[in-house]
Amino acid sequence: MWKSIAGSDSMKEQAGGKAAYEPFGFLLRRTLEQAFPHCEMEKIPIKTDWQNGQGIFSSALPFLCAQKAQIPLSSAAERLAACLPERDRLFSRLEKSGGYLNFFPSLDWYAECFQALSKSASFSAWSITEEDFDFFAAAPSPAAARIQKTFVRLCMVLRSCLAEKIPLDPLAASPQLLCEPEEQSLIFSSFRLASAGNGNRLLVLEEIAGAFNRFYNARRVWSPNPFLTCSRAALCLICGAGMEREMESAGIFPDRSFLSKT
């Protein structure tokens, strides 16, 4: 069903980012045509959000439909929801909340997102320590210092994986094994970071830093299942690659000319 909704393998072909919005946009466009056949809309509103510790895709489409059709918001939401399945390959649950349609991503979505993000997981900060950040004394804000401290912790975890000969290959991982809330939270935050703009980059960096700390405090990397261990290590690499890229863009990454060589 993923391909029939998306119309292509866009999630697999692109490195996460906004490609993951396309299947939900296509689904809502089709739903709009069924529920309000004469209601033309240039853009389908979709955003990502957190709700009770879970990542969601949220759409304000009922608000726009209610306004255009001049009907109560609750009626617009009901008409749209009636044309949507309760669940499918994209999402495991659909909820109506205050006029919004909230889609809770499915395990398949998380696995597809992991695979898409893995294709741009380029990481080079193997040697980073707190010394490279001047022990966080030069951080422009407390939030930036928290992000930098988490990144140093993440680099230590990745170095430990190398030392223990745990494979760090996202393309060889089994993302369907990453089904714990802390693991899904880190995947979802990595996706949000890949699609973050300049205006909210620091906010999402702080979000992914918190997601990584919750994941590592609760799960670590090692597991009796070697495939799960490999997948968790690959997830850490994906997280590190995203943080490295966006920290540089945000101006809170050390000057590479002063970094020690690995």
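Refer to the structure printed above.
What counts as what
- Residues numbered from 1 in each chain as written.
- Predicted model: local features only at pLDDT ≥ 70, side-chain atom pairs only at ≥ 80, totals over all residues.
- Heavy atoms only, no water.
- Helix = DSSP H or I, 4+ residues; strand = E, 2+ residues; numbered from the N terminus.
- Expected span 1.5 Å × (residues − 1).
- Buried < 20%, exposed > 50% of the residue type's maximum accessible area, 1.4 Å probe, protein only.
- Pairing = 2+ DSSP bridges.
- Axes fitted to C-alpha atoms, helices over the stretch in contact; angles between N-to-C directions.
- Core = buried A, V, L, I, M, F, W, Y, C linked by side-chain atoms within 4.5 Å.
- Contact = heavy atoms within 4.5 Å.
- Phe/Tyr/Trp six-rings, centres within 6.5 Å; stacked < 30°, edge-to-face > 60°.
- Parallel < 35°, antiparallel > 145°, perpendicular 65-115°, else oblique.
- Left-handed = near helix turned anticlockwise from the far one by under 90°.
- Nonpolar A, V, L, I, M, F, W, Y, C, P; charged D, E, K, R; others polar.

Quick notes on helix H6 (residues 107-118)
- Under the 1.5 Å per step criterion, the end-to-end length of H6 is 17 Å for twelve residues, consistent within 8% with the ideal 16 Å.
- Residues of H6 that are buried: Trp109, Tyr110, Ala111, Glu112, Cys113, Phe114, Ala116, Leu117 and Ser118.

Here we look at the sheet that holds strand E4 (residues 100-105)
- Strand order in the open sheet formed by four strands is E1-E2-E4-E3, and the pairing between neighbours is antiparallel. What marks the edges here is a single partner per strand, and that holds for strand E1 (47-51) and strand E3 (91-97). Each neighbouring strand pair of the sheet contributes to a mean axis angle of 35°, computed without reference to strand direction.

As for the nonpolar core
- The biggest cluster of nonpolar side chains holds 74 residues, and the ones touching the most others in it are Phe103, Trp109, Phe151, Phe212, Met243 and Met247.
- Considering each element in turn, this core owes the most residues, eleven residues, to helix H10 (residues 226-250).
- Not counting chain neighbours up to four residues away, the residues in contact with methionine 247 comprise Phe133, Ile147, Gln148, Phe151, Leu205, Ile252 and Phe253.

Examining the packing of aromatic side chains
- What the rule picks out here adds up to 17 aromatic pairs.
- Plain terms: the ring middles of tryptophan 109 and phenylalanine 191 are 5.5 Å apart, the flat faces sit at 90° to each other, and that makes the pair edge-to-face. Taken as a pair, tryptophan 109 in helix H6 and phenylalanine 191 in helix H8 (residues 181-194) lie far apart in primary sequence, 82 residues in all.
- Look at tryptophan 109 and you get buried, because its relative accessible area is 0%.

Some remarks on the packing of H8 against helix H9 (residues 201-219)
- At a closest axis distance of 9 Å, the pairing of H8 and H9 adopts a crossing angle of 160°. Taken together, H8 and H9 sit at an angle that is classed as roughly antiparallel. In terms of crossing hand, the pair formed by H8 and H9 is left-handed. In this structure, H8 contributes Glu182, Glu183, Ser185, Leu186, Ser189, Ser190, Arg192 and Leu193 to the contact, and H9 contributes Arg201, Val204, Leu205, Glu207, Ile208, Ala211, Phe212, Arg214, Phe215, Ala218 and Arg219.
- Here the residues of the contact of H8 with H9 sort into nine nonpolar, three polar and seven charged.

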